[in-house]
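# A structural walkthrough
Residues per chain, in single letters:
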Amino acid sequence: MNYENWISYRYMIASKGRFLTFLNVISVGGVAIGVAALIVVTGVMTGFGNNLREKIIGTTPHIMVEADGGVHDFAALQERINGLAGVKGSSAYIQGNVFLESASQVVGLVVRGILPETEQRTTNIGKYLVKGDFEGLDSDGVIVGSELARYFGYSLGDTINLIAPGSGIAGTGWRHDVKITGIFTTGMVDYDTNLIIVHLKKAQQIFHLPENTATGIGVRVDNPSKVDLIQGAIHGLVGYGFVVKTWIDMNRNLFDALVLEKWGLFLVLTLMVVVASFNIISTLIVTVTSKVHDIGILQSIGVPKSAIRRIFTKQGVFIGSLGTLLGVLGGVGLSYVLRTYVEVPKEIYSIDHVPVELQLSDMLAIITAAMVISFLATIYPAAKAANLQPVEALRYE
């Protein structure tokens, strides 16, 4: 250990000055609390964001291929899409709006027609079933969300009446009686309240579509985060007569808002570290003031001003480093406690514990910000110490 580091360390522990020791402890604690708060908050925001993303891509395909007037001969197009690299599977679907008539009430719903044997290749809707059998969905059955079932008091085996708008009141087939064969819970109120699932053949009857026609084809890919690459390949395969949308395109505003909220909180909580840096400034200023005699002696024996500056800069960096280390340990530990032991209302969030997820990139950003702020806090006190004149420092000795 060179003399600069040794002197910096001695000044930081300040064994002969309890007040300086107290100031050093307060400075370290301020940085630690700020870093720990940043780690916990960004981890919680990341966890909730990823949880929401998993639910969205679990109920909708990664990519949806649609065309005006529907996709005709969808089976042939599915085979071509399945042949693309990175595609795990595909399934045809029909989606539209219907009315549900129940107990003198009429509510609008989104109906999704699927083929049970292929739907599980593209979504996780089968895993969300809490009652009933997904693969047993027949042409007269329907799977409803748990919130919709709770609101109307539905249970398995109940019959509900669907009304297809625009079918013509006087025409045949505008009312459809279907039996509830399953109930699903995704944890997202919008889906659990407004989405119902029927067989593809039943959806064709409701919307008067030919047997080989669907609204679109849902596609599941190997890596949902790189879905843009597969989107371009599919668009080149099907041509400009089709609309190719990804799960990111359909939820861009939501995820942009989550990212903005996450980094907004990051900037706000960074102010805690900035406030803690003022503790470092005040600690170094008090140290410089109380060590004027030492500084004068060091300068009188030939220690250059640059070395004096580095001594106090390193003391501030030591304080910031120790505070950052303790903050990282405290933040990781608190995150573990939140994720493991703290329970949240499952009926609201569909999870029983706080979904904390720590990412290496976030941790590195927090550590870097804390160290940069700690370094900047040392500039003025270190310069003040280096500019002291030996004669002034030793005048009253």
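Residues numbered from 1 in each chain as written. Predicted model: local features only at pLDDT ≥ 70, side-chain atom pairs only at ≥ 80, totals over all residues. Heavy atoms only, no water.

Let's shift gears to the side chain of Lys202. Among the secondary structure elements, Lys202 is positioned in helix α7 (residues 200-207). No salt bridge is formed by the buried Lys202; the nearest opposite charge belongs to Asp140, separated by 4.0 Å. Excluding anything up to four places from it in sequence, Lys202 contacts Ser139, Asp140, His176, Asp177 and Val178. (Helix = DSSP H or I, 4+ residues; strand = E, 2+ residues; numbered from the N terminus. Buried < 20%, exposed > 50% of the residue type's maximum accessible area, 1.4 Å probe, protein only. Lys, Arg positive; Asp, Glu negative; His and termini not counted. Salt bridge = Lys/Arg side-chain N within 4 Å of Asp/Glu carboxyl O. Contact = heavy atoms within 4.5 Å.)

Its identity as a non-glycine residue notwithstanding, Asp73 has a phi of 50°, on the positive side. Assignment of secondary structure puts Asp73 in the loop between β1 (63-72) and α3 (74-82). Exposure remark for Asp73: the relative accessible area of 44% places this residue in the partly exposed category. Positioned with a positive phi, His208 is a non-glycine residue whose angle comes to about 55°. Locating His208 in the fold gives a position in the loop between α7 and β9 (213-221).

Glancing now at the packing of aromatic side chains. Centre distance and the angle of the planes are the two values used to describe a pair of aromatic rings. If you walk through the whole model with that rule in mind, you get 4 aromatic pairs. Their ring planes at 70° and their centres at 5.1 Å tell us that Trp263 and Phe266 sit as a pair that is edge-to-face. Of this pair, Trp263 and Phe266 both sit in helix α10 (residues 252-290), 3 residues apart, which is roughly one turn of the helix. Overall, the relative accessible area of 36% leaves Trp263 in the partly exposed class. Every member of this aromatic cluster is reached through a ring pair, and the members are Tyr151, Phe152 and Tyr154. Positioned above the aromatic ring of Tyr93, the side-chain terminus of Arg112 is 4.4 Å from the ring centre. (Phe/Tyr/Trp six-rings, centres within 6.5 Å; stacked < 30°, edge-to-face > 60°. Lys NZ or Arg CZ within 6 Å of the ring centre and 35° of its normal.)

One way to put it is that α10 packs onto helix α15 (residues 379-386) with a least axis distance of 8 Å and a crossing angle of 10°. Considering their axes alone, α10 and α15 lie roughly parallel with respect to each other. Every pair of crossing elements has a handedness; the one defined by α10 and α15 is right-handed. Between α10, through Ile281, Leu284, Ile285 and Val288, and α15, the contact on the second element is made entirely by Tyr380, Pro381 and Ala385. Here the contact of α10 with α15 is built from residues that sort into 7 nonpolar, no polar and no charged. (Axes fitted to C-alpha atoms, helices over the stretch in contact; angles between N-to-C directions. Parallel < 35°, antiparallel > 145°, perpendicular 65-115°, else oblique. Left-handed = near helix turned anticlockwise from the far one by under 90°. Nonpolar A, V, L, I, M, F, W, Y, C, P; charged D, E, K, R; others polar.)

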